[in-house]
Amino acid sequence: MTRQPAPAAAPGKWSTRLHTLLGWLKGYVLIAPAIVLLCIFTIYPIFWQIHSSLYDGSLLSKTRNFVGLQNFRNLLSNPDFGQTVGNTVFYSVGVVIITIILSTLAAVWLNGKVQQRLNSLTLAAIFTPHIISLVSVTTIFLWLLDPQIGAINYLLKSVGLPTCPFLASSKTAMFALVLMMVWKGTGYYTLLTVAALQGVPKDIYEAASIDDTPGWRVFFQITLPMISPTLFFSTIVCTINSFQVFEPVNLMTLGGPANSTNTLVFQIYSDAFKYLKLGQASAEGVVLLAFVLILTIIYFAFLGKKVHYQ
């Protein structure tokens, strides 16, 4: 009994498969430049940093010795590094909480005002610090916060109040940095929150008004849930940016006084380019990466469940 050959595929079927394959390849070709740049400037440096953290040697040295996890053991046994981590966490918590709260309140206030032209001018004034160069901002605040000739202490003296050392004291220096970065970053997140508020359907507020719902319940049960995706995004971005703080520390305090404003990124910079300890700096970079990664996972695991998507 002879076996019948399999019927040939219909021309239309091969045409459909070819069209699907070309569409699939077209998508990857379009995103290929972005993937290449991501691999070169993000993925490869991460693996290179992890690899470098396992070796010891100077930045200028051609030979480097494999030391395993010794760089991480040195960090854990160094009390100054523990203080640096604490400074970074304190700075990040302060900046994130104050910035998000102030930007949300400012956005709600601006969104509730009737005068649109005044709203635009106020929002522009709040947003302006965000577009000013950070070097210019630090120069202004160095003058404002100077313990001897600063404008703020001059005003305090003029009204008979005691002056504050600000950046000259280990007890107040970090608070001064947090204050400056909150002033600079609030406008950006206010703009994002205002845009989210303007996207909330008006009929929801009208229904709440008909039911005579108190204002605080409208805010917590309607406004916050409706803008929660924007607040979630703002919190993650603000957290990542705060952990990467470098310019204010480098330009204003250099980590002092008494290591009270030293942060992880500034410590990485000092160890890598000042003391030429590439292995230790790479280990500190891995610690910073782990902190940001863990916080992001926690945000998505806990805060992500409370986000209300329309």
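Note that the structure is predicted; figures quoted are calculated from it, not measured.

Section: the overall build of the protein chain
Point 1. Helix and strand content of the protein chain: 13 helices and two strands.
Point 2. The globule rule puts the C-alpha radius of gyration for 310 residues at 19 Å, and the 27 Å found for the protein chain is more than 25% above it.
Point 3. Viewed in the frame of its principal axes, the protein chain has a C-alpha envelope of about 110 × 75 × 30 Å.
Point 4. When each of the 310 residues of the protein chain is scored for burial, the buried share is 36%.
Point 5. Sequence separation of 24 or more characterises 68% of the internal contacts of the protein chain that already satisfy a separation of 6 or more.

Observations concerning the nonpolar core
Generally speaking, nonpolar side chains in soluble globular proteins are found buried as a group.
Point 1. Among the nonpolar cores identified, the biggest contains 40 residues, and Y91, L177 and L288 are the most heavily contacted of them.
Point 2. For this core, the elements supplying multiple residues, two or more each, are α2 (70–76), α3 (79–112), α5 (134–144), α7 (173–198), α10 (228–243), α11 (247–253), α12 (264–274) and α13 (278–302).
Point 3. At eight residues, the largest contribution of residues to this core is made by α7.
Point 4. Not counting the four nearest positions on each side in its chain, Y91 is found in contact with M174, L177, V178, M181, S242 and V245.
Point 5. Membership of the second largest hydrophobic core comes to 13 residues, among which are V194, V218, M226 and I227.

Notes on the packing of α10 against α13
Point 1. The N-to-C vectors of α10 and α13 enclose an angle of 165°; their axes lie 10 Å apart at closest approach. Judged by the angle between their axes, α10 and α13 are roughly antiparallel. Like other packed secondary-structure pairs, α10 and α13 cross with a definite hand, here right-handed. Residue-level inspection shows F232, T235, I236, T239, I240 and F243 of α10 in contact with α13, the latter providing L288, F291, V292, L295, Y299 and F300.
Point 2. When grouped by side-chain class, the residues that make up the contact of α10 with α13 number ten nonpolar, two polar and no charged.

Considerations on α5
Point 1. All buried positions along α5 are accounted for by L134, V137, T138 and F141. Buried residues along α5 cover an arc of 95° about the axis, so they all sit on one side.

Quick look at the packing of aromatic side chains
Point 1. Within the structure shown, the criterion is met by eleven aromatic pairs.
Point 2. A ring pair is formed by Y55 and F66, whose centres lie 5.4 Å apart and whose planes are at 75°; its orientation type is edge-to-face. One end of the pair, Y55, is in strand β1 (residues 55–56); the other, F66, is in strand β2 (residues 65–66), with eleven residues separating them in the sequence.
Point 3. The class of Y55 is partly exposed, set by a relative accessible area of 22%.
Point 4. On the accessibility criterion, F66 (57% relative accessible area) is exposed.
Point 5. Joined through ring pairs, the aromatic side chains of F246, F266, Y269 and F273 make up one cluster.

Observations regarding the side chain of T235
Point 1. Within the secondary structure, T235 is located in helix α10.
Point 2. Looking at T235, its side chain comes within polar contact range of the main-chain oxygen of L231, at 2.7 Å.
Point 3. When residues no more than four places from it in sequence are discounted, the contact partners of T235 are V96, I100 and Y299.

A word on the environment of M180
Point 1. For M180, the location among the structural elements is in helix α7.
Point 2. Taking the relative accessible area as the measure of exposure, M180 reaches 0% and is therefore buried.
Point 3. Once the C-alpha coordinates of M180 and V137 are considered, the two residues, 43 residues apart in sequence, prove to be 8.1 Å apart.

Examining unusual backbone geometry
Point 1. Going from G256 to P257, the amide bond is cis rather than trans, its omega being -5°.
Point 2. One non-glycine residue with positive phi stands out, namely N259, at about 65°.
Point 3. Position of N259 among the secondary structure elements: in the loop between α11 and α12.

A few points about the packing of helix α9 (residues 215–226) against α10
Point 1. Viewed as axis vectors pointing N to C, α9 and α10 meet at an angle of 60°, and their least axial separation amounts to 5 Å. When α9 is examined against α10, the residues L224, P225 and M226 are found in contact with a partner set consisting of S228, P229 and L231.
Point 2. Across the contact of α9 with α10, the residue classes break down as five nonpolar, one polar and no charged.

Remarks on a nonpolar patch on the surface
Point 1. A cluster of nonpolar side chains, namely L18, L21, L22, W24, L25, Y28, L30, I31 and I35, defines an oily patch on the protein surface of about 900 Å² accessible area.
Point 2. When you line up the elements, L30 lands in helix α1 (residues 11–52).

Considerations on the confidence of the model for the protein chain
Caution applies to low-pLDDT regions: their predicted coordinates should not be interpreted in detail.
Point 1. Confidence in the prediction for the protein chain averages 87 pLDDT; 94% of positions are at 70 or higher.
Point 2. Within the protein chain, no element has a lower average pLDDT than helix α4 (residues 116–131), which sits at 83, and none a higher one than α7, at 93.

Considerations on the side chain of T138
Point 1. Mapped onto the secondary structure, T138 falls in helix α5.
Point 2. Residue classification places T138 among the buried residues on the basis of a relative accessible area of 1%.
Point 3. When sequence neighbours within four positions are dropped, the list of residues in contact with T138 reads M180, P248, L251 and M252.

Cut-offs used in this document
Residues numbered from 1 in each chain as written. Predicted model: local features only at pLDDT ≥ 70, side-chain atom pairs only at ≥ 80, totals over all residues. Heavy atoms only, no water. Helix = DSSP H or I, 4+ residues; strand = E, 2+ residues; numbered from the N terminus. Rg over C-alpha atoms; globule rule 2.2 N^0.38 Å. Buried < 20%, exposed > 50% of the residue type's maximum accessible area, 1.4 Å probe, protein only. Contact = heavy atoms within 4.5 Å. Core = buried A, V, L, I, M, F, W, Y, C linked by side-chain atoms within 4.5 Å. Axes fitted to C-alpha atoms, helices over the stretch in contact; angles between N-to-C directions. Parallel < 35°, antiparallel > 145°, perpendicular 65-115°, else oblique. Left-handed = near helix turned anticlockwise from the far one by under 90°. Nonpolar A, V, L, I, M, F, W, Y, C, P; charged D, E, K, R; others polar. Arc of directions from axis to C-beta. Phe/Tyr/Trp six-rings, centres within 6.5 Å; stacked < 30°, edge-to-face > 60°. Polar contact = N/O pair within 3.5 Å; in protein donor to acceptor, adjacent residues only side chain to side chain. Patch = residues over 30% accessible without salt bridge, like charges linked within 9 Å, V, L, I, M, F, W, Y side chains within 5 Å. Areas by Shrake-Rupley, 256 points an atom, 1.4 Å probe, with all protein chains shown as cover. Salt bridge = Lys/Arg side-chain N within 4 Å of Asp/Glu carboxyl O. pLDDT = per-residue confidence, 0-100.

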